[in-house]
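Results of the structural survey
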Amino acid sequence: MNYQAIREACYEANRKLPATGLVDLTFGNVSVLDPDSGIFAIKPSGVDYDALTPENMVLLDLDGRIVEGELRPSSDTPTHRRLYCAWADQGVVSVVHTHSRNAVAFAQSGRDLPCLGTTHCDYFNGPVPVTRIMSVNEVDGDYEWETGNVIVERFADLDPTEIPAILVQHHGPFAWGTSANKSVENARALEIVADMALKSLALNPDLTGAPDHLRNKHFFRKHGASAYYGQR
Ligand SMILES: O=C(CO)[C@@H](O)[C@H](O)COP(=O)(O)O
């Protein structure tokens, strides 16, 4: 089986992370899933973005077994894998993790990122939620945070296609999408609206959210604006 397409897409997405301003050092990783084979490519752990090639992407199956690759896969691989297991059937084929600073500020504060304006609701149909605090588990003499579990648990009553991002408490954001480009775009949008929200809340700490009629464009698209007034 030739996995060159996901190798290339994964390489391109990881290579462009530094220019987006979302990553410091190597605090960011992108993966890309081939939904037909259930194989995904992910950035190798700790490798500088300038040293990446399509060939040094690591390929794994959804059981977590390395299929191709000499280098150690990202330390966030279990989380990427968990999200594919939960949501690949809803079209999620790429996951991004960064420590982008404004989104991390909300994650570290334990606060959902509120929908304060139309920029936010262009990408996220509601507040971007923060997870509960993770526990740590002993795994084969090592340890593993239950990052993927707390994300999927938090989305038990949310639609990951409507809100394609999460804030892992005391860690940072994960975003996802229907392509590598879309997942990186969603990660960028998250950081932009987190920056806007921080500044808006500094100017007006009483803010809780934008008025309904300014954040319900998803409702308008589905039902028409006139239905909105009938609904109230
Ligand atoms: O937060 C952590 C590690 O604590 C990771 O998210 C790193 O920031 C990226 O790790 P690699 O992808 O290089 O393994």
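Everything in this summary refers to the structure shown in the same document.

Calculation notes
Residues numbered from 1 in each chain as written. Predicted model: local features only at pLDDT ≥ 70, side-chain atom pairs only at ≥ 80, totals over all residues. Heavy atoms only, no water. Patch = residues over 30% accessible without salt bridge, like charges linked within 9 Å, V, L, I, M, F, W, Y side chains within 5 Å. Areas by Shrake-Rupley, 256 points an atom, 1.4 Å probe, with all protein chains shown as cover. Salt bridge = Lys/Arg side-chain N within 4 Å of Asp/Glu carboxyl O. Helix = DSSP H or I, 4+ residues; strand = E, 2+ residues; numbered from the N terminus. Near = heavy atom within 4 Å. Polar contact = N/O pair within 3.5 Å; in protein donor to acceptor, adjacent residues only side chain to side chain. Nonpolar A, V, L, I, M, F, W, Y, C, P; charged D, E, K, R; others polar. Buried < 20%, exposed > 50% of the residue type's maximum accessible area, 1.4 Å probe, protein only. Arc of directions from axis to C-beta. Phe/Tyr/Trp six-rings, centres within 6.5 Å; stacked < 30°, edge-to-face > 60°. Disulfide = S-S within 2.5 Å.

**Re a nonpolar patch on the surface**
Taken together, Val136, Tyr143 and Trp145 make up a surface patch of nonpolar side chains, about 340 Å² in accessible area. Here Tyr143 lies in strand E7 (residues 142-145).

**Examining the site of the ligand**
All residues in the neighbourhood of the ligand are listed as Thr26, Phe27, Asn29, Ser45, Gly46, Ser74, Ser75, Asp76, His97, His99 and His171. Between Ser74 and the ligand, the recorded distance is 2.7 Å, taken from a side-chain N or O atom to an oxygen atom. In this structure, an oxygen atom belonging to the ligand sits 2.7 Å away from a main-chain N or O atom of Ser75. Considering the ligand on its own, with 380 Å² of exposed area, one finds that the protein chains cover 80% of that surface. Among the residues making up the shell around the ligand, the classes are represented as 1 nonpolar, 9 polar and 1 charged.

**Focus: the pattern of salt bridges**
Scanning the model with the defined rule gives 10 salt bridges in all. Among the salt bridges present, the one from Asp50 reaches Arg15, with a minimum N-O distance of 3.1 Å. Taken together, the residues span a long stretch of sequence, with Asp50 in the loop between strand E2 (39-42) and strand E3 (58-61) and Arg15 in helix H1 (residues 4-15) at a distance of 35 residues. A relative accessible area of 65% means that Asp50 is categorised as exposed. Each member of the salt-bridge network shares a partner with another, and the members are Asp61, Asp63 and Arg65.

**Overview of helix H4 (residues 101-109)**
Taken as a whole, H4 has its buried residues at Ala103, Val104, Phe106 and Ala107. Down the axis of H4, the sector holding all buried residues measures 160 degrees, keeping them to one side. One or two residues past the end of H4 sits Gly110, with phi positive at roughly 75 degrees.

**What to know about the packing of aromatic side chains**
According to the stated counting rule, one finds 6 aromatic pairs in the structure shown. Between Tyr123 and Phe124, the ring centres sit 6.2 Å apart and the planes meet at 40 degrees, which makes this aromatic pair tilted. We classify Tyr123 as partly exposed; its relative accessible area is 26%. Look at Phe124 and you get buried, because its relative accessible area is 0%. Joined through ring pairs, the aromatic side chains of Trp87, Phe155 and Trp176 make up one cluster.

**Points about unusual backbone geometry**
For Leu25, which is not a glycine, the phi torsion comes out positive at approximately 50 degrees. Inspection of the secondary structure puts Leu25 in the loop between helix H2 (17-20) and strand E1 (28-34). Even without being a glycine, His170 presents a positive backbone phi close to 60 degrees. Looking at where His170 falls in the secondary structure, it is placed in the loop between strand E8 (165-168) and strand E9 (172-177). A residue is classified by how much of its surface remains accessible, and His170, at 49% relative accessible area, is partly exposed.

**Quick look at the state of the cysteines**
A covalent bond between the sulfur atoms of two cysteines is what we call a disulfide. All chains considered together, the criterion is met by 0 disulfides. Sulfur of Cys85: no disulfide; nearest cysteine sulfur belongs to Cys10 and is 17 Å away. For Cys85, a relative accessible area of 45% gives the class partly exposed. Cys115 takes part in no disulfide bond, and the closest cysteine sulfur, belonging to Cys121, lies 4.9 Å away. Assessed through its relative accessible area of 1%, Cys115 is described here as buried.

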